[in-house]
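Understanding the architecture of this molecule
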Amino acid sequence: LSQSLFALFASSLAISLVFAIIPLCHNVVVLAVVMAMAGLAMGCIDTISNMQLVKIYQKDSAIFLQALHFFVGFGALLSPLIADPFLSDTNCILSNSTANASSNLPHIRKSLLPHHPGNLSHYDLPMKGMVVTRVSYAFWIMALINLPVPIAVFLLLYKERMVPCFPSSSHPLLSADELAMETRPPDKEDLPTSTTQRPQAAGGHDDLFSCCQSKNFRGASYTYFAVHITGALVLFMTDGIVGEYSGFIYSYAVEEPLSVGHKVAGYLPSLFWGFITLGRLISIPVSYRVKPATMVFINVVGVLITFLLLLIFSYSVVFLCVGTAALGLFLSSTFPSMLAYTEDILQYKGCATTVLVTGAGIGEMVLQLLVGSIIHDQGSYSFLVCGMIFGGLAFTFYAFLLFFHRMYPKPSSDLDDVSPDKPAVMEDTGQYQR
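Quick summary incoming for the structure in this document. (Residues numbered from 1 in each chain as written. Predicted model: local features only at pLDDT ≥ 70, side-chain atom pairs only at ≥ 80, totals over all residues. Heavy atoms only, no water.)

1. Quick look at the overall build of the chain
In terms of helices and strands, the chain carries 17 helices and two strands. In the chain, buried positions account for 44% of the 434 residues. In the chain, 77% of the contacts between residues at least 6 apart in sequence involve partners at least 24 apart. As presented, the chain carries roughly 21,900 Å² of accessible surface, and 68% of it is formed by carbon and sulfur atoms. (Helix = DSSP H or I, 4+ residues; strand = E, 2+ residues; numbered from the N terminus. Buried < 20%, exposed > 50% of the residue type's maximum accessible area, 1.4 Å probe, protein only. Contact = heavy atoms within 4.5 Å. Areas by Shrake-Rupley, 256 points an atom, 1.4 Å probe, with all protein chains shown as cover.)

Written out as structure tokens, the structure reads:
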């Protein structure tokens, strides 16, 4: 727990520092290094937050994972709104050709949408002259908005008596948390003190990197590894679809045969991310009633059918908008539902989280690069064909995951139903005991 909190504190603080430094970078190499630091910090936050929610809430983690990823989508919508007032309505660089170039700015403005800018190579803008932009303020405001996060994590460390340089607080936060009582097995109070404390002394789950230790893989069946791999491949495809669709839907819409206006096409990525956020909000109460496996099945089938309909009605601008919204809804809850489902199969050891988060991140990176090169060579229509193929592969890998789930050894019947692996629960909840 202490390693996770310290990593969250350092990563969240690094993000504020990076946003403060970005406007001061006047060299592309320095900017690349700074952005790489931001990527590392965000990857740490993504992995640790998902892993800790799974280990703390276990069978109830699906609801909290949906809430976590709702705020991810909400942030993707909020950050452009914060930056928009500071984007110049005229050209950012004053020169003799500014008057002629300023007409291109509305199109460029609509292209600079969450995460993935559109194709700007055909716009001519002056590159030399006096810089008059105020966009630096947007980065500094985002740095200030993020600053309460590391402060809150530091206060949690202080309350938990984990800060070596400061005197300990008198009332630890987690020792009185109801969570420690809820996740404790019903008969745990009857166990001897030495039994409940032995897992904590062993330190198996106190180490943030305990999942990487080779001793955890000894005697594991091939289905153990197959569940990890197939789960990661499903997220490789679905998160890759999120990245490539939001990145290239603008370019696809403005090209033939649709030839949508730049202003309308600029709203499509926002529509996509808006329905992803809406879907994650809806999934919070739905996940309380529907099993994660069922939700993932609905998601991958919905993605496949949506891409099929987009291909059939590829000449319809109206259905492109409807399909974009539907695709955002189906993709919204795939990641948290898959995470909850996979960890449920593996009895909430927390190890699968790292594999799944890594697979999703690699998919978002690789598939965008792949689709971009295919569109460049084959034309914009290949954008939907690629999405259809990726959706079909996601469904196929999910079918393999269901197959390996059936073959995966069930926990012993003498273990508690609420906690399939009682020793693992004692290891996880032992850290809350003082």
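2. A look at the nonpolar core
By size, the foremost hydrophobic cluster in this structure holds 64 residues, and its most contacted members are Tyr245, Phe272, Phe307, Leu320, Met338, Phe383 and Tyr398. With 16 residues, the single largest contributor to this core is helix α10 (residues 222-254). Shared between two domains, this core takes at least three residues from each, and those domains are domain 1 (1-90 + 133-164) and domain 2 (221-410). Other than its neighbours up to four places away in sequence, Tyr245 contacts Phe272, Phe307, Leu310, Leu320, Thr324, Leu327 and Phe383. Counting residues in each nonpolar core, the second largest holds eight residues, with Leu5, Leu8, Val153 and Met162 among its members. (Core = buried A, V, L, I, M, F, W, Y, C linked by side-chain atoms within 4.5 Å. Domains from an automatic or database assignment.)

3. Structural notes on the packing of helix α3 (residues 61-83) against helix α11 (residues 262-289)
Contact pair α3 / α11: the axes reach a minimum separation of 8 Å and the direction vectors enclose 160°. Taken together, the axis directions place α3 and α11 in an arrangement best described as roughly antiparallel. Pair α3 / α11 crosses with left-handed handedness. On α11, the residues that touch Ala62, Ile63, Gln66, Ala67, His69, Phe70, Val72, Gly73, Phe74, Ala76 and Leu77 of α3 are Ser270, Trp273, Gly274, Thr277, Arg280, Leu281, Ser283, Ile284, Ser287 and Tyr288. Grouping the amino acids of the contact of α3 with α11 by side-chain chemistry returns twelve nonpolar, eight polar and one charged. (Axes fitted to C-alpha atoms, helices over the stretch in contact; angles between N-to-C directions. Parallel < 35°, antiparallel > 145°, perpendicular 65-115°, else oblique. Left-handed = near helix turned anticlockwise from the far one by under 90°. Nonpolar A, V, L, I, M, F, W, Y, C, P; charged D, E, K, R; others polar.)

4. Digging into the side chain of Ser4
Structurally, Ser4 is set in helix α1 (residues 2-21). A distance of 2.8 Å separates polar atoms of two side chains, one belonging to Ser4 and the other to Gln52. (Polar contact = N/O pair within 3.5 Å; in protein donor to acceptor, adjacent residues only side chain to side chain.)

5. Thoughts on a nonpolar patch on the surface
Together, Leu24, Tyr137, Trp140, Ile141 and Ile145 line one region of the surface with nonpolar side chains, adding up to about 470 Å² of accessible area. With respect to the helices and strands, the residue Trp140 is situated in helix α6 (residues 136-146). Assessed through its relative accessible area of 34%, Trp140 is described here as partly exposed. (Patch = residues over 30% accessible without salt bridge, like charges linked within 9 Å, V, L, I, M, F, W, Y side chains within 5 Å. Salt bridge = Lys/Arg side-chain N within 4 Å of Asp/Glu carboxyl O.)

6. Comments concerning helix α13 (residues 317-332)
Between its terminal C-alpha atoms α13 stretches 23 Å, which fits the 22 Å expected from 16 residues at 1.5 Å a residue. Here α13 has its buried residues at Phe319, Leu320, Gly323, Thr324, Ala325, Ala326, Leu327, Gly328, Leu331 and Ser332. Turning to α13, the residues buried within the fold contact α10, α11, α12 (292-312) and α14 (334-345). Sitting at the head of α13, Ser316 places a side-chain oxygen 3.1 Å from the backbone nitrogen of Phe319. (Expected span 1.5 Å × (residues − 1).)

7. Topic: the environment of Tyr315
Tracing the backbone shows Tyr315 in the loop between α12 and α13. The exposure class of Tyr315 is exposed, given its relative accessible area of 66%. Distance in space between the C-alpha atoms of Tyr315 and Glu256 is 9.2 Å, their sequence separation being 59 residues. Tyr315 has contacts with Pro257 and Leu258, leaving out every residue within four places of it along the chain.

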